[in-house]
Amino acid sequence: MERNYDEVISDMLIQLGAMESRWELLDHRLEKADKRLDLTIKRMVKAEQRLENQEKRMELFDQKLEKSLKELKEFSSMQSQVNKYFLDVIKKNSLKP
């Protein structure tokens, strides 16, 4: 049984050519996937920066809210003391005949 090496070599070259074209197609697809991944990462970084900025704003808002609540508590306490004083004065005056 003689082998025809020319046919074997030509078949091998055809197979190599087909494999090379598939690899080129795969490389092209991977390049596109890499570009999409890069864009996604950039979008995520921007979104993360926006979230951090929102968190900073919320921290400022929380600080202002806490300050406001503290002031309201102080005012309420003061108002309660003033009311108590006036009630005591009214009681003293009403007890006098």
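Our structure's up above, just so we're on the same page.
Residues numbered from 1 in each chain as written. Predicted model: local features only at pLDDT ≥ 70, side-chain atom pairs only at ≥ 80, totals over all residues. Heavy atoms only, no water.

**Some points on the overall build of the protein chain**
Next, step 1: Counting its secondary structure elements, the protein chain contains 1 helix and 0 strands.
Next, step 2: With the principal axes as the frame, the protein chain shows a C-alpha extent of 140 × 25 × 10 Å.
Next, step 3: A total of 97 residues make up the protein chain; the buried ones form 0% of that total.
Next, step 4: Summing over all exposed atoms, the protein chain offers an accessible surface of approximately 10,100 Å²; the carbon and sulfur share of this is 59%.
Next, step 5: Distance from the positive charge centre (20 side chains) to the negative charge centre (19 side chains) of the protein chain: 20 Å. (Helix = DSSP H or I, 4+ residues; strand = E, 2+ residues; numbered from the N terminus. Buried < 20%, exposed > 50% of the residue type's maximum accessible area, 1.4 Å probe, protein only. Areas by Shrake-Rupley, 256 points an atom, 1.4 Å probe, with all protein chains shown as cover. Lys, Arg positive; Asp, Glu negative; His and termini not counted. Charge placed at Lys NZ, Arg CZ, Asp CG, Glu CD.)

**Considerations on the packing of aromatic side chains**
Next, step 1: Evaluation of the coordinates by the stated rule reveals 1 aromatic pair.
Next, step 2: Pairing Tyr-85 with Phe-86 gives two aromatic rings, centres 5.5 Å apart and planes at 65°, and the pair type is edge-to-face. (Phe/Tyr/Trp six-rings, centres within 6.5 Å; stacked < 30°, edge-to-face > 60°.)

**Section: a positive patch on the surface**
Next, step 1: Taken together, the side chains of Lys-42, Arg-43, Lys-46 and Arg-50 make up a positively charged region of the molecular surface.
Next, step 2: With respect to the helices, strands and loops of the structure, Lys-46 is situated in helix H1 (residues 5–95).
Next, step 3: The exposure class assigned to Lys-46 is exposed, which follows from its relative accessible area of 52%. (Patch = residues over 30% accessible without salt bridge, like charges linked within 9 Å, V, L, I, M, F, W, Y side chains within 5 Å. Salt bridge = Lys/Arg side-chain N within 4 Å of Asp/Glu carboxyl O.)

**Describing a nonpolar patch on the surface**
Next, step 1: Side chains of Tyr-5, Ile-9, Leu-13, Leu-16, Met-19, Trp-23, Leu-26 and Leu-30 sit close together on the surface and give an oily, nonpolar patch of about 850 Å² of accessible area.
Next, step 2: Within the secondary structure, Leu-13 sits in helix H1.

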